[in-house]
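# Notes for the structure review
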Amino acid sequence: MKKFLLLMVSYAMIAFGNSSSLPLVAHNQSVKFDDLPETAQRFVKKYFPGVAIRQCSIGKKRNFDIKLVNGYEIGFDREVNWTGIESDKHPFSPELLEELPGESVTYLNMQFPRTPIHKMEHKSSKYRVWVKSTPKAEISFDEKGKLLKADYKLIKANRPHK
């Protein structure tokens, strides 16, 4: 039965032009870090050297997530491009920000010097960055790093009603 299932999965991967080495799954499934594509492994080892892996999972669309013990979460699409990086516990390193287009890093350094970045996303040709400033900022850039939009959100204090 296992051989038959393996044969069917292999056939489906060939028939549908599957270029990824990730297995097809029906829902989120835990996997070993060593079973993820080399590109993802190199990304984690480059930006988070020596940090232990808490969990790796593959979704039904063959996107996958890596959670580290230090609180970082990293998402990748099926082509092994990072789609999101997040941490509420640790600010992003300057090296990690190099994943953003050059002009966007210059903008962030000028507008938010020494202000922690806690989340960034990359979808198609757009980048979004969340800055832990007061007020909180959500900044969007195009693929070349040009500013598209800056949203600021005030944090409402929990005050008792009179």
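Residues numbered from 1 in each chain as written. Predicted model: local features only at pLDDT ≥ 70, side-chain atom pairs only at ≥ 80, totals over all residues. Heavy atoms only, no water.

In terms of helices and strands, the protein chain carries 4 helices and 9 strands. Listed N to C, the secondary structure of the protein chain is α-β-α-β-β-β-β-α-α-β-β-β-β in terms of helices and strands. Out of the 162 residues belonging to the protein chain, those deemed buried represent 36%. Long-range pairs, those at least 24 residues apart, make up 37% of the contacts in the protein chain with a sequence separation of at least 6. Approximately 11000 Å² of the protein chain is accessible, and the part contributed by carbon and sulfur atoms is 54%. (Helix = DSSP H or I, 4+ residues; strand = E, 2+ residues; numbered from the N terminus. Buried < 20%, exposed > 50% of the residue type's maximum accessible area, 1.4 Å probe, protein only. Contact = heavy atoms within 4.5 Å. Areas by Shrake-Rupley, 256 points an atom, 1.4 Å probe, with all protein chains shown as cover.)

Attention shifts here to the packing of aromatic side chains. With the rule as written, the count across this model stands at 8 aromatic pairs. Here the aromatic rings of Phe43 and Phe76 are separated by 5.5 Å at their centres, their planes lie at 90°, and the arrangement is edge-to-face. Taken as a pair, Phe43 in helix H2 (residues 38-47) and Phe76 in strand S4 (residues 73-76) lie far apart in primary sequence, 33 residues in all. We note that Phe43, like Phe76, is buried. Taking 4.6 Å as the distance between ring centres and 55° as the angle between the ring planes, the aromatic pair formed by Phe48 and Tyr72 counts as tilted. Residue Phe48 is located in the loop between H2 and strand S2 (53-58), and its partner Tyr72 is located in the loop between strand S3 (64-68) and S4; the two are separated by 24 residues in the primary sequence. Tyr72 carries the same exposure label as Phe48, and that label is buried. Members of the aromatic cluster, each reached through a chain of ring pairs, are Phe43, Tyr47, Phe64 and Phe76. Taking the ring centre of Trp130 as reference, the NZ or CZ of Lys119 above it sits at 4.5 Å. (Phe/Tyr/Trp six-rings, centres within 6.5 Å; stacked < 30°, edge-to-face > 60°. Lys NZ or Arg CZ within 6 Å of the ring centre and 35° of its normal.)

Once that is clear, we can look at the pattern of salt bridges. Across all of its chains, the model carries 5 salt bridges by this definition. In this structure, the salt-bridge partner of Arg128 is Glu138, at a minimum N-O distance of 3.6 Å. Of this pair, Arg128 sits in strand S7 (residues 126-131) while Glu138 sits in strand S8 (residues 136-142); the two residues are 10 residues apart in sequence, bridging distant segments of the chain. Classification of Arg128 by relative accessible area gives partly exposed; the value is 25%. Residue Glu138 is classed as buried on the basis of its relative accessible area of 14%. Where salt bridges share partners, they join Lys119, Glu121, Arg128, Glu138 and Lys153 into one cluster. (Salt bridge = Lys/Arg side-chain N within 4 Å of Asp/Glu carboxyl O.)

In this section: the nonpolar core. Among soluble globular proteins, nonpolar side chains are generally buried collectively. Membership of the largest hydrophobic core comes to 34 residues, with the highest contact counts inside it found for Ile66, Phe76, Ile85, Leu96, Leu108 and Met120. A per-element tally of this core places H2 first, with 4 residues. Apart from the residues lying within four places of it in its own chain, the contact partners of Leu108 are Leu100, Pro113, Ile117, Val129, Val131, Ile139 and Phe141. (Core = buried A, V, L, I, M, F, W, Y, C linked by side-chain atoms within 4.5 Å.)

Bear in mind that shape data such as this cannot, by itself, settle questions of function.
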